[in-house]
Amino acid sequence: MRDLERMAHAVVMASFVGPEVPRWLRARLEAGLGSVALFGSNVASPEQVRSLTDSLRGAGPDILVATDEEAGEVTRLHMATGSPWPGNAALGAVDDVRLTGLVAAGAGAELASAGIDLALAPVVDVNSNPENPVIGVRSFGAVPELVARHTRAFVGGIQSAGVGACAKHFPGHGDTAVDSHVGLPVVDAPLEVLRGRELVPFAEAVAAGAVAVMTSHVVLPALDPALPATLSTRALDLLRRD
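Rules behind the numbers
Residues numbered from 1 in each chain as written. Predicted model: local features only at pLDDT ≥ 70, side-chain atom pairs only at ≥ 80, totals over all residues. Heavy atoms only, no water. Phe/Tyr/Trp six-rings, centres within 6.5 Å; stacked < 30°, edge-to-face > 60°. Helix = DSSP H or I, 4+ residues; strand = E, 2+ residues; numbered from the N terminus. Contact = heavy atoms within 4.5 Å.

## Description of the packing of aromatic side chains
Moving on, step 1. Within the structure shown, the criterion is met by one aromatic pair.
Moving on, step 2. On the numbers, 5.2 Å between centres and 90° between planes, the contact of Phe170 with Phe202 is edge-to-face. One end of the pair, Phe170, is in strand β5 (residues 164-170); the other, Phe202, is in helix α8 (residues 199-207), with 32 residues separating them in the sequence.

Here it is as structure tokens:
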């Protein structure tokens, strides 16, 4: 049973509140917890974050530390002041892939200095629905090919700093009018539309060597009429095999 519990711990990404490692989390790390995601409440200063990640590794040497550092409006390291890096919408509007790579490399260097292994970024959703309440300026744009080329640049830039990229939100959260944090969106598009729109940037992220892909809590009836992608074998098989 102890071996089974350790294997279960290894595939969980936990979170916690506050700038220090709580006792319960330290116990879970010692039991083999695989990953921790840092949020705004965990961040007071760059120096404090580095001390925090060092403490996490003191309890769990193999821990993977992740955070949502997208640049632009979604930042954890700069919660108090706002990100110094332009976000995806601005980068897509300028449409200079070299600049996108430099921004990602700069953000990656900050993350690496803070002891963070995995950026839960970039957002590679094609923002095709103007009523989308949650993606919006987090996307590079509404054109699949534009989003794809900036996806490649971002992945290459951030991973050049030694920080893994996690492309999100597979198979695509751009054509939604519901925030999946508070409801269950449905993208009712045929598979050929998904292949020509939603999936194009994800294919580019994989080709660029992104170390991870985050699934979305979105129902895509063309793939699975019953379950959101987070729980759907069909959606995950599309990612893993296709």
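This is not the end of the story, as more comes after the structure.
## Some remarks on the environment of Glu70
Moving on, step 1. Mapping Glu70 onto the fold places it in the loop between β3 (64-67) and α4 (88-94).
Moving on, step 2. Along the chain, Glu70 and Ala105 lie 35 residues apart, while their C-alpha atoms are 12 Å from each other.
Moving on, step 3. Those residues in contact with Glu70 that lie beyond four places of it in its chain are Asn88, Leu120, Ala121, Val123, Arg138, Phe154 and Lys168.

## Considerations on the environment of Pro221
Moving on, step 1. By secondary structure assignment, the location of Pro221 is in the loop between β6 (212-215) and α9 (233-241).
Moving on, step 2. A sequence separation of 22 residues divides Pro221 from Leu199, and the C-alpha atoms of the two residues are 15 Å apart.
Moving on, step 3. Aside from chain neighbours lying at most four places away, what touches Pro221 is Val186, Val187 and Asp188.

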